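Here is what each chain is made of, one letter per residue.
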Amino acid sequence: MTQTSDNVTWLTQEAYNKLKDELEYLSGPARTEITIKIAAAREEGDLRENGGYHAAKEEQGKQELRIRQLTQLLEHAKVGEAPADDGIVEPGMVVTIAFDGDENDTTTFLLASREYASGDIETYSPQSPLGVGVNGKKAGDDAQYELPNGKKATVKILSAKPYTG
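Quick notes on the rules
- Numbering of residues starts from 1 in every chain and runs along the sequence as written.
- It should be noted that, the model being predicted, local features are given only for residues of pLDDT at least 70 and side-chain atom pairs only at 80 or more, the latter also being counted only at that level, while totals for whole chains, interfaces and linings use all residues.
- Excluded from the side-chain calculation are hydrogens and water; included are all heavy atoms of the structure.
- Numbering of helices and strands starts at the N terminus; helices are DSSP runs of H or I of at least 4 residues and strands are runs of E of at least 2.
- Expected helix span is given by 1.5 Å per residue-to-residue step, counting one fewer step than there are residues.
- Under the scheme applied here, a residue whose accessible area is under 20% of the maximum for its type counts as buried, over 50% as exposed, and between as partly exposed, the area being computed with a 1.4 Å probe on protein chains only.
- Each C-beta atom gives one direction from the helix axis, and the arc is the one those directions make.
- Pairing of aromatic rings covers Phe, Tyr and Trp, the last counted by its six-membered ring, and requires centre-to-centre distances within 6.5 Å; plane angles under 30 degrees mean stacked, over 60 mean edge-to-face, and any other angle means tilted.

(A) The arrangement of helix α1 (residues 13-27) in detail. With 15 residues, α1 extends 21 Å from end C-alpha to end C-alpha; this agrees with the ideal 21 Å at 1.5 Å per step. Three or more residues of α1 are buried, namely Ala15, Tyr16, Leu19, Leu23 and Leu26. The buried residues of α1 all sit within an arc of 100° when viewed along its axis, so they share a single face. Opposite the buried face of α1, by more than 90 degrees, sit the exposed residues Glu14 and Lys18.

(B) Fine view of the packing of aromatic side chains. Scanning the model with the defined rule gives one aromatic pair in all. Taking 4.8 Å as the distance between ring centres and 70° as the angle between the ring planes, the aromatic pair formed by Phe109 and Tyr124 counts as edge-to-face. Placement of Phe109 in strand β4 (residues 106-111) and of Tyr124 in strand β5 (residues 123-124) is noted, with a sequence separation of 15 residues between them. By relative accessible area, Tyr124 is classed as partly exposed at 23%.

All quantities given are derived from atomic positions and should not be read as evidence of function.
Right, here's the structure in full:
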């Protein structure tokens with residue numbers, strides 16, 4: 001991946017397929033199931049005091065929100081394109097940083113969407129403060145990012161390699 005945009009989410013083919021399957025299920029069978037639940041609850045009578053009806057409507061709202069999230073995510077996904085092994089930090093890279101230049105205080109993480117996260121490695125979003133700070137930098141560069149308390153933190157990029165999963 002050579003260009004990066006705030007709207008782009010880097011996904012492996014496996015992650016893309018998993019999210020696409022979830023979207024297809026939610027848009028098809030799950031929508032039908034919730035419609036049946038709502039209809040059944042509606043037949044029970046007074047909707048103002050019908051807990052089953054309100055619970056089903058709330059579930060439907062959450063489901064529709066997830067459908068919209070998945071649709072947007074998949075529309076803007078870059079699939080299967082590993083970034084170049086050029087030492088420049090971008091989504092899809094495993095990045096090792098040193099905090100305040102202290103090479104004994106390091107962390108290694110994957111810069112990628114949460115949907116791409118795995119139990120193997122910690123994942124930071126490219127839109128997170130750290131992600132924004134390191135994105136576009138190269139090994140040897142210093143990067144700054146804003147902490148939740150408003151202060152600035154500095155890290156040194158030690159390495160950036162494509163994630164091989």
